[in-house]
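Each chain, letter by letter, is given below.
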Amino acid sequence: MAPPQGPRPPLEFGGPLGAAALTLLLPATMFHLLLVARSGPARLLGPPPSLPGLEVLWSPRVLLLWLTWLGLQAGLYLLPASKMAEGQELKDKSRLRYPINGFQALVLTALLVGLGVAAGLPLVTLPEMLLPLAFAATLTAFIFSLLLYVKSLVAPAWALAPGGNSGNPIYDFFLGRELNPQAGFLDIKYFCELRPGLIGWVLINLSLLMQEVELRGSPSLAMCLVNGFQLLYVGDALWHEEAILTTMDITHDGFGFMLAFGDLAWVPFTYSLQAQFLLHHPQPLGLPMASIICFINVIGYYIFRGANSQKNTFRKNPSDPRVADLETISTATGRRLLVSGWWGMVRHPNYLGDLIMALAWSLPCGVCHLLPYFYLFYFTVLLVHREARDEQQCLQKYGLAWHEYCQRVPYRIVPYIY
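Along each chain, numbering runs from 1 in the same order as the chain's sequence is written. Reporting in this predicted model follows two pLDDT cut-offs: at least 70 for local features of residues, and 80 or more for side-chain atom pairs to be given and counted; totals over whole chains, interfaces and linings ignore these cut-offs and use all residues. Hydrogens and water are ignored here; the side-chain numbers use all heavy atoms of the structure.

**What to know about the packing of helix α14 (residues 374–398) against helix α15 (residues 400–408)**
At their nearest, the axes of α14 and α15 sit 6 Å apart, and the two run at 130° to each other. Judged by the angle between their axes, α14 and α15 are oblique. Facing α14, whose interface residues are Glu391, Cys394, Leu395 and Tyr398, α15 presents Leu400, Ala401, Trp402, His403 and Cys406. The residue inventory of the contact of α14 with α15, partitioned by class, reads seven nonpolar, one polar and one charged. Comment: axis = line fitted to C-alpha atoms, over the contacting stretch for helices; angle = value between 0 and 180 degrees taken between N-to-C directions. The helix and strand labels rest on DSSP assignments: H or I over at least four residues marks a helix, E over at least two residues marks a strand, and numbering proceeds from the N terminus. Any angle that falls under 35 degrees is termed roughly parallel, while one over 145 is termed roughly antiparallel, one within 65 to 115 roughly perpendicular, and all others oblique. Throughout, a residue-residue contact means that at least one pair of heavy atoms, one from each residue, lies within 4.5 Å. Only Asp, Glu, Lys and Arg are considered charged in this grouping, and only Ala, Val, Leu, Ile, Met, Phe, Trp, Tyr, Cys and Pro are considered nonpolar; every other residue, Gly among them, is considered polar.

Dropping the structure here:
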């Protein structure tokens, strides 16, 4: 017998109307960014010079290329992993097991791409296919989300996500009804979360750098910084892949259009915006300014990695010497909340590090255009919204202990500001 269902959480993202709006607005925003990044004015808030026709967006050859990419990453996912990790306990008291081989997939992809380029693979032409690739990824996300929604209609109650089964088809399509949809040995959400989009992001960046070399004879310092910073970020995420198993995306959110589109389309084609901008709008960058930008990125990465590592170490083993001396607050659930170290500075120090790195990624693009700073603006909104969702969940979970934690650590992301 299925376990009794508790009260449904309040609808997020503005309910069905908000979900419908975001389902249309997010792809429209992505295509707007792709179009204006290659235009002369590159105005973030202005219209693109022209809208592409279907003959520009639709290409069976590009669709096949996109599906081949997904198939390659799925094949690398299924390769033997040196480590298997258990996820959190589900409603039926079971735990899923996940292969920890994302960094291995990144390395193998780099080797395969390198061999392909040596054999004549025209990676330098990839930037010319960004629009049809983005269209193929968006189409895939829509179809994929629809199939997953239909699949979830026959899923047992214990397999559903806390927030994606409101009964409204638009809202549930967007948020996702099933928490952990499976396809044989493939955990669909876990696979999509880091691999096709993140690895695709650095591959797009590399192709933009290669096209810059072809156009101008050598890569610019600004393009090298953007590629290096973002490769570090992706490599770090895949090296610490196991940490994602405790994030809200995996433990709370269903897998619907929000995550499918975000993982497969939004990340690779929007997060590469700085490199796209630099290809079409080269920016002079001297060594002194480059050194300052590198220092900013190092500070952001130091905070981001230090906070996440401290949290993950504490969750795995609170007696670990690296975290054993940290001050904590006991909760009714048996878990303890850190109130010293990184997590005693602000409630989300990893978000602070993320935002500092986002600034460093944008600065190589100069300060004359808003467009390269879109990621910083968007990520600020995203993290503030995510922080609010975190706060609500922690309040429900920890009650009075969370109130005490908020009194001890009053600032949410930025010390003395927010």
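Read on for the rest.
**As for the nonpolar core**
What we call a nonpolar core is a set of buried Ala, Val, Leu, Ile, Met, Phe, Trp, Tyr and Cys residues that are connected through their side-chain atoms within 4.5 Å. Under the scheme applied here, a residue whose accessible area is under 20% of the maximum for its type counts as buried, over 50% as exposed, and between as partly exposed, the area being computed with a 1.4 Å probe on protein chains only. Within the largest apolar cluster, 121 residues are counted, with the highest numbers of intra-cluster contacts made by Met30, Phe269 and Leu371. The element contributing the most residues to this core is helix α7 (residues 188–216), with 13 residues. Dropping the residues within four chain positions of it, Phe269 is found in contact with Met30, Leu34, Leu130, Leu133, Ala134, Ala137, Ile204, Leu264 and Gln276.

**Some remarks on the packing of helix α8 (residues 221–239) against helix α13 (residues 349–362)**
The geometry of α8 relative to α13 is characterised by a closest axis approach of 10 Å and an angle of 155° between their N-to-C directions. Classified by the angle their axes make, α8 and α13 are roughly antiparallel. In terms of crossing hand, the pair formed by α8 and α13 is left-handed. Taken together, the residues of α13 that come into contact with α8 (itself represented by Val226, Phe229, Gln230 and Tyr233) are Asp354, Met357, Ala360 and Trp361. Among the residues forming the contact of α8 with α13, the class breakdown is six nonpolar, one polar and one charged. Left-handed describes a crossing whose near helix is turned anticlockwise from the far helix through less than a right angle; right-handed describes the clockwise counterpart.

**Some remarks on the packing of aromatic side chains**
Note on aromatic contacts: the rings of Phe and Tyr and the six-membered ring of Trp form a pair at centre separations within 6.5 Å, being stacked when their planes are under 30 degrees apart, edge-to-face when over 60 apart, and tilted otherwise. In total, this model carries 28 aromatic pairs according to the counting rule given. On the basis of an interplanar angle of 75° and a centroid distance of 5.7 Å, the ring pair of Phe13 and Phe174 is categorised as edge-to-face. Here Phe13 is found in the segment before α1 (15–37), whereas its partner Phe174 is found in helix α6 (residues 169–175), with 161 residues between them in sequence. Taking the centre distance of 5.1 Å and the plane angle of 80° together, the rings of Tyr233 and Trp361 count as edge-to-face. Taken as a pair, Tyr233 in helix α8 and Trp361 in helix α13 lie far apart in primary sequence, 128 residues in all.

**Digging into a nonpolar patch on the surface**
Judged by side-chain polarity, Leu54, Trp58, Leu139, Ile143 and Leu147 come together as a nonpolar surface patch covering roughly 490 Å² of accessible area. The element best represented in the nonpolar patch is helix α5 (residues 130–152), accounting for three residues. If you trace the backbone, Leu139 turns up in helix α5. Like-charged residues within 9 Å of one another, or nonpolar side chains (Val, Leu, Ile, Met, Phe, Trp, Tyr) within 5 Å, are grouped into patches, provided each residue has over 30% relative accessible area and no salt bridge. Computed by Shrake-Rupley with a 1.4 Å probe, the accessible areas treat only the displayed protein chains as cover when residues are assessed. A pair is scored as a salt bridge if a Lys or Arg side-chain nitrogen falls within 4 Å of a carboxyl oxygen belonging to Asp or Glu.

**Some points on unusual backbone geometry**
One non-glycine residue with positive phi stands out, namely Phe13, at about 60°. A positive phi is found at Lys93, a non-glycine position, where the angle reads about 75°.

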